[in-house]
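Listed below are the residues making up each chain.
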Amino acid sequence: MLDSSSSEDTGGESDLEPQRKPDASSSAEKRETGPPGSQQLRSATPGSLAGKSTKVNSATDEEQEKRKRESIQKEEEERKIKLQIYVFVLRCIAYPFNAKQPTDMSRRQQKVNKQQLQAVKERFLAFLNGETQIVADEAFCNAVRSYYEGFLKSERISRMVQSGGCSANDFREVFKKNIERRVRSLPEIDGLSKETVLSSWIAKYDAIYRGDEDLWRQPQRAHLSAVSELILSKEQLYEMFQQILNIRKFEHQLLYNACQLDSMDEQAAQIRRELDGRLQLAEKIAKERKYPKFVSADMEALYVEELRSSVNLLMANLESLPVSKGGPDFKQKLKRSTIVIMEVQGLKSVAPDRMVYCTMEVEGEEKLQTDQVEASRPQWGTQGDFTTTHPLPSVKVKLFLESTRVLALDDKELGKVILNPTTNGPKHTEFHRMIVPKNSQDTELKIKLAVRMDKPPNMKHSGYLYAMGQRVWKRWKKRYFVLVQVSQYTFAMCSYREKKAEPQELMQLEGYTVDCCEPRPGLQGGRVFFNVLKEGDLVMFACDDEQERVLWVQAMYRATGQSYKPILHPKNKTPNCRGGNQKLTSPISLDPSQRQAVEKLISASPCQFDHAALFTILQKHTLQHRMNDSFSCLGWFSPGQVFVLDEYCARYGVRGCHRHLSYLKELMDYSENNALVDPMLLHYSYAFCASHVHGNRPDGIGTVTMEEKVQFEAIRSRLIALLENQITHFRYCFPFGRPDGALKATLSLQERVLMKDITTPVPPEDMKKLVQRCLEQAAQINYSQLIEYAKIKVEHQVPSEKRLEDMMRLGELCIEVLQQNEEHHSEAFSCWPELMAEHAEKFLSLYRADMEAALQVQSIDSWNSFPLFQLFNNFLRTDPHLCNGMFHKHLQDLYIPLVVRYIDLMELAIAQSIHRSFQKETWQPVNNGSATSEDLFWKLNTLQMFVMDLHWPEPEFAKHLEQRLKLMASDMMEACVKRTKSAFDAKMQKVCKSTDFLLPLSVCTMFNVLIDAKNQCSKLCVLDSEQEIDGQWQQYHSKIDVLIDEALKDIITSLVSKFAAVLNGVLSKLSRYDEGTFFSSVLSFTKPRMDLADTYTSFVRQNQDILHRGVSDELYIETVFDQWYTDSMRAICVWLTDRLDLQLHMYQLKTLINIVKKTYHDFRLQGVQDSTLNIKSYETIYNRLTMEEATVAVKAGDGLRGISTRDSDVEDD
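Residues numbered from 1 in each chain as written. Predicted model: local features only at pLDDT ≥ 70, side-chain atom pairs only at ≥ 80, totals over all residues. Heavy atoms only, no water.

Colleague: Now, about the overall build of the protein chain: what can you tell me, with residues and values included?
Modeller: Secondary structure summary: the protein chain contains 36 helices and 16 strands in total. Taking all 1213 residues of the protein chain together, the buried fraction comes to 49%. Partitioning the intrachain contacts of the protein chain with sequence separation of at least 6 by distance along the chain shows that 72% fall at a separation of at least 24. When the accessible area of the protein chain is evaluated, it comes to approximately 61,400 Å², of which 50% is carbon and sulfur surface. (Helix = DSSP H or I, 4+ residues; strand = E, 2+ residues; numbered from the N terminus. Buried < 20%, exposed > 50% of the residue type's maximum accessible area, 1.4 Å probe, protein only. Contact = heavy atoms within 4.5 Å. Areas by Shrake-Rupley, 256 points an atom, 1.4 Å probe, with all protein chains shown as cover.)

Shown next as structure tokens:
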């Protein structure tokens, strides 16, 4: 046991912590204090109960101590299990041969935590308050406000963030879905597509979301959880599972070194030993018939066959791994042989200025040569590279003297050295004595060089050994041996001669067992011995070095794949660095017991463990680590975790069904604790288990244990309840439709779980009934949650106004809930749209009870509840499933009496208002009429707009309401017109008929009232064009139109008659100057002035101005002027016609010329058309006055004094 007292990673700790012991002081305190009430007992009976109290305290302390010991022991056992699991995980990571890290898994998004959610809220609030530099239009601001109020401030989002299943992408997708609906409702804009608007809004959203600083910005050195979605290296996988299993760093270092994880040969050998152990276990099970309990007894033989097949598959996988690039042939090509020649010493027989050089060659390869140097300084530093197929090659290096003679063919050889290098030979430069020719003076000639041979990957060890066997190497002799790996399962011990590429003799190690042994007497050569043993065969080996024996035994131990571990000599266990594949000495000092614990962990046979139970623990902690990392994983493992778990299951024979059953248990535990889990993940694991239990062999395993079946049925029952609960709480389990498609997948999974087997589908009615039951419960849950959220108290003590206000607010929330259900969840329930409609009706029926209670306490004459009807009716009438549904019809039945009573009262109030107001009317102008008419038309229009805004959904009653209001408006307007006409007639009877007459302003107001009534009639009294208009209604409406037209006609006629009466008074005054009368002869002696013409002209102009200022409609002003001018010209024409035989008096002529000329000019300025101005009466008048003017001019010369009809269309100065 490494350490069981702590599970934290201490990193650089160099020693193990001691186990914690119970605190003596705390125990003493507890013994002194004792259980509650013990003081009272002692005080009550100090003599008799003292001993008993002491015994009770002692027993309690002992129980607590026992619990502590049990707890510590339990923690220690759990710690041991985790360390053992970690050993298996280390081997899976170090040498995987079954699984790879998947690259096709969807990338998970970073989680949003509470602090980030609060920061996002603050950024959006700052934008809404105008505290940012982001420019946006009103539509975007409204969208952001709706998003902020409805989504960011929602309690469901807070829960989702708390559950760890919410990412920034979820926030963005909800906003995108929200604005897509808004943008679709916007009108089309030329030159600006809606896609452009969407892109712009999304860009602004991203700017708001990021704010001034990016919360997701990672530090320069990314944490392990930040890169867990990527393909991880071995070191990163080690670090991840240290965190998962709470393994300390120094514990990992100890286990890493002890397991020799850096030696691929050791890991491959470990796998071979494990697979051999599994085969032996399968044979033992078959022999002892210790089978698991299967659902059928016929599966026992199949179970053993499956065990063998799984091991054979692993062997095939291991065998498929390449050993080297050379292939399976024993004849392997060495990578490279390097010869480095440095210098020569002891060269005395050659003159210093002569040139010398060296050659180097490996047997069978091309010869290489160094540069030529002077004999006084024979130094080179030249390197030559060769490749060879000989495990024991011959390397020749020669020293030559360059010949200066002309006829010499070859240079003189001064010396040579022949070497047989091995891969284990020294790598540094050394001096070698050279062989010189006979009679040479350089007897001490030496050369400094180094020969290095690279070791090929399939050469596991090599060196000189003494060997003797029964079938091979029958003579005890020293030979050069090479341990060759042909494949993952084939190793051969080969002996080679010098300069030979093929082995002289070889022995395959399959089935042999290697171990150390004592020296065998009678054998000369070798100091330490070891042998390999097989039934009927024994081969003895010996070498001169204990360390060399350790290396050979360990290499052959890996090659044989034996389960028995050789016992090495305790001395000189420190490995030689030449081995390169031996475990390193630990820098951490361990006492013997700790070292024994480490050895026990790494030497434990995997076949002795229940790997199903160990994998359950591993998968549980891995999922826990995954759910707590920085990604919104929804239960999905990272690629690295999937890789390790896959490798563990394949390597240690964990059944696929057990893996998925334990996975389902853990996922359901998280789901029941309100964590978000992807239902697609549940669906996949459940489908795998169901397929396996029903014999469909999803992973090729045909045996089904009773334990698997029982667990599957338990999980199925639990999963049905879990999914039913999630469907019932769909608004809270999948808020705003997130994760995307999760609710639809949950319904699909529920349908799959309800299947009794893998082929028979669930009857549609059964699934429909389940969804219907869930939605009925969901309606009650959603409404109760809404009541709690709105904090509404339904109590009789609450004032009626407050209750109505609460119902209005609750109604808005109910509509928001139904809209969110339609927007985010309707697609999932698209197979049962009628069930969603029933859910909405059930939800609204719960609201109906509270609404009726609130309406019953309202005053009978209170109309404040109509906004509540408008709120719901505007929502329901646009919903195809809820329009005229149960709640909608009940709402109409509830409000029909209120609407009818309201209209009745308004009709009575308007009628009374007309009667009272016209009695007190002062006829002062107000807007387009008088105060009474304006109030009347406003009331009628407001009442009609109110009823129109109700948008009554039932067509017949809506038509009835409209017709009634139109009839009411017609009646009220008729009364208004008649009252106004009566007041006008009474007013006109009181006015004078002289030129002093000025039209009263009140008359203009009355005129405007009738004109306004005419204009309002088309709006207030005409039915909607879409409705059918019957003959009676058309006749009634024509009656009010005729009434108004006749009233206006009468007023115009009355006004013109008054103006004509004034003109008749002027003409009657001119009649006194008629020729042949008494007054004419008398008035001829006076000097008349033009006062009469001027006063009449002033009268006309003043009344024209009054009409222009007082009457609001230009059309009716023109009508008055046209008729006034026409009647005036006719009156003058009649007057002149009556005096056709008489000559006009000079005064009459001047006055008429002045009146006619100015009247023509004034009315022309007022806009009277020329066709009206130049009527026949005017032409007759003009001709008569022109003739009279000519007559006066003949008789009296300049008697008219410049007054003439010729410029009658131009006014005199």
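Moving on from the coordinates now.
Colleague: Just give me the short version of the pattern of salt bridges, but keep the residues and values in it.
Modeller: Per the stated rule, a full pass over the model turns up 37 salt bridges. Residues lysine 194 and glutamate 188 are paired through a salt bridge, measuring 3.7 Å at the closest nitrogen-oxygen approach. Close ionic contact of arginine 1139 with aspartate 1074 constitutes a salt bridge, the shortest N to O distance being 2.8 Å. Here arginine 1139 is found in the loop between α33 (1114-1138) and α34 (1146-1165), whereas its partner aspartate 1074 is found in the loop between α30 (1031-1070) and α31 (1078-1083), with 65 residues between them in sequence. (Salt bridge = Lys/Arg side-chain N within 4 Å of Asp/Glu carboxyl O.)

Colleague: Describe the sheet that holds strand β10 (residues 459-469), naming the residues involved and giving the relevant values.
Modeller: Strands sit in the order β13-β12-β11-β10-β16-β15-β14 across an open sheet of seven strands; the sheet is antiparallel. One side of each edge strand has no neighbouring strand; the edge strands of this open sheet are β13 (505-508) and β14 (513-517). Averaged over all pairs of adjacent strands, the angle between strand axes in this sheet comes to 35°, irrespective of strand direction. As paired elements, β10 and strand β11 (residues 477-485) share eight bridges and run antiparallel to each other. Bridge pairing in β11 links leucine 465 to arginine 479. (Pairing = 2+ DSSP bridges. Axes fitted to C-alpha atoms, helices over the stretch in contact; angles between N-to-C directions.)

Colleague: Talk me through the nonpolar core; I want residue IDs and the actual numbers.
Modeller: Core analysis: the largest hydrophobic core is formed by 123 residues, its most contacted members being Leu810, Tyr847, Phe1007 and Ile1132. Looking at which element gives the most residues to this core, the answer is α30, with 14 residues. The contact partners of isoleucine 1132, leaving out residues within four places of it in the chain, are Leu1063, Leu1067, Leu1152, Ile1155, Val1156 and Ile1181. Within the second largest apolar cluster, 64 residues are counted, among which are Ala99, Leu645, Leu682 and Ile715. (Core = buried A, V, L, I, M, F, W, Y, C linked by side-chain atoms within 4.5 Å.)

Colleague: Summarise helix α10 (residues 249-258); cite the residues concerned and give the values.
Modeller: Buried residues dominate α10, accounting for seven of its ten residues. Within the sequence span of α10, burial applies to Phe250, Glu251, His252, Leu254, Leu255, Asn257 and Ala258. Of the residues one or two after α10, glutamine 260 is the one with positive phi, at around 55°.

Colleague: Would you mind going over the sheet that holds strand β9 (residues 446-453) in detail, with residue names and values included?
Modeller: On the basis of which strands lie adjacent, the open sheet formed by four strands has the order β5-β1-β9-β8 and antiparallel pairing. Looking at strand neighbours, the two that pair on one side only are β5 (379-386) and β8 (430-433), the edges of this open sheet. Adjacent strand axes in the sheet meet at a mean angle of 30°, parallel and antiparallel pairs treated alike.

Colleague: Tell me what's going on with the packing of aromatic side chains, and back it up with residues and numbers.
Modeller: Tallying each qualifying case throughout the model produces 58 aromatic pairs. A connected cluster of aromatic rings, assembled from ring pairs, spans Phe124, Phe127, Phe140, Tyr147, Phe151, Phe171, Phe175, Trp201, Tyr205, Tyr209 and Phe736. Directly above the ring of phenylalanine 431 sits lysine 446, whose terminal nitrogen or CZ lies 5.4 Å from the centroid. (Phe/Tyr/Trp six-rings, centres within 6.5 Å; stacked < 30°, edge-to-face > 60°. Lys NZ or Arg CZ within 6 Å of the ring centre and 35° of its normal.)

Colleague: Which residues make up helix α18 (residues 679-693), and what values do they have?
Modeller: Over its 15 residues, α18 runs 21 Å from end to end, which matches the ideal 21 Å to within 8%, given 1.5 Å per residue. Among all positions of α18, only Pro679, Leu681, Leu682, His683, Ser685, Tyr686, Phe688, Cys689, Ala690, Ser691, His692 and Val693 are buried. Considering only its buried residues, α18 is in contact with α17 (656-672), α19 (706-728) and α21 (742-754). Taking the backbone nitrogen of methionine 680 as reference, a side-chain oxygen 3.0 Å away marks aspartate 678 as the first, capping residue of α18. (Expected span 1.5 Å × (residues − 1). Polar contact = N/O pair within 3.5 Å; in protein donor to acceptor, adjacent residues only side chain to side chain.)

Colleague: Give me the packing of helix α5 (residues 138-152) against helix α7 (residues 168-185): which residues, what numbers.
Modeller: Remark: α5 packs on α7, axes separated minimally by 10 Å, with the N-to-C direction vectors making an angle of 130°. With respect to α7, the axis of α5 lies oblique. You can see that α5 and α7 cross each other, and the crossing is right-handed. Touching Phe140, Asn142, Ala143, Val144, Ser146, Tyr147, Phe151 and Leu152 of α5 are Phe171, Val174, Phe175, Asn178, Ile179 and Arg182, all from α7. Its residues assigned to classes, the contact of α5 with α7 shows ten nonpolar, three polar and one charged. (Parallel < 35°, antiparallel > 145°, perpendicular 65-115°, else oblique. Left-handed = near helix turned anticlockwise from the far one by under 90°. Nonpolar A, V, L, I, M, F, W, Y, C, P; charged D, E, K, R; others polar.)

Colleague: Provide a residue-level description of the pairing of strand β12 (residues 491-496), including the pertinent values.
Modeller: Counted residue by residue, β12 has six buried out of six residues, so it is predominantly covered. The alternating pattern of β12 places Phe491, Met493 and Ser495 on one face and Ala492, Cys494 and Tyr496 on the opposite face, and all of these are buried. Note that β11 and β12 share six bridges and pair antiparallel. In the sheet register, valine 482 faces β12, and the bridge partner there is cysteine 494. Following β11, the chain reverses through five residues before pairing antiparallel with β12. Pairing of β12 with β13 involves four bridges; the strand directions are antiparallel. What sits directly across from cysteine 494, in β13, is leucine 506.

Colleague: Go over unusual backbone geometry with me, naming the residues and quoting the values.
Modeller: Proline 739 follows arginine 738 through a cis peptide bond whose omega is -10°. As for its placement among the helices and strands, proline 739 is situated in the loop between α20 (730-733) and α21. Residues other than glycine seldom take positive phi values, yet asparagine 246 does so here, at roughly 55°. Examined against the element boundaries, asparagine 246 turns out to sit in the loop between α9 (234-245) and α10. Residue asparagine 246 is classed as partly exposed on the basis of its relative accessible area, which comes to 28%. Positioned with a positive phi, arginine 697 is a non-glycine residue whose angle comes to about 55°.

Colleague: Would you mind going over the confidence of the model for the protein chain in detail, with residue names and values included?
Modeller: Summary statistics for the protein chain give a mean pLDDT of 84 and a share of 87% for residues scoring 70 or more. Residue range residues 1-50 is modelled with pLDDT below 50. Its contacts to residues more than four positions away, or to other chains, number 72 contacts. Below a pLDDT of 50 lies the segment residues 570-587, which in the model reaches 27 contacts outside its immediate sequence neighbourhood of four places, other chains included. (pLDDT = per-residue confidence, 0-100.)

Colleague: Any chance you could break down the packing of α33 against α34 for me, citing the residues and the numbers?
Modeller: Viewed as axis vectors pointing N to C, α33 and α34 meet at an angle of 160°, and their least axial separation amounts to 11 Å. Taken together, the axes of α33 and α34 lie roughly antiparallel to each other. Considering how the two elements wind past one another, α33 and α34 form a crossing that is left-handed. Of α34, the residues touching α33 (which contributes Phe1121, Trp1124, Tyr1125, Met1129, Ile1132, Trp1135 and Leu1136) are Gln1148, Leu1152, Ile1155, Val1156, Thr1159, Tyr1160 and Phe1163. For the contact of α33 with α34, a count of residues per class yields twelve nonpolar, two polar and no charged.

Colleague: I'd like to hear about the environment of glutamine 441, residue by residue, with values.
Modeller: One can find glutamine 441 in the loop between β8 and β9. Exposure remark for glutamine 441: the relative accessible area of 64% places this residue in the exposed category. On a C-alpha basis, the gap between glutamine 441 and lysine 348 in space is 7.3 Å, while along the polypeptide they are 93 residues apart.

Colleague: Lay out the pairing of β9 in plain terms, naming residues and giving numbers.
Modeller: As defined by bridge partners, strand β1 (residues 337-345) adjoins β9 across eight bridges and the pair is classed as antiparallel. Looking at the pairing, isoleucine 341 lines up with leucine 449 of β9.

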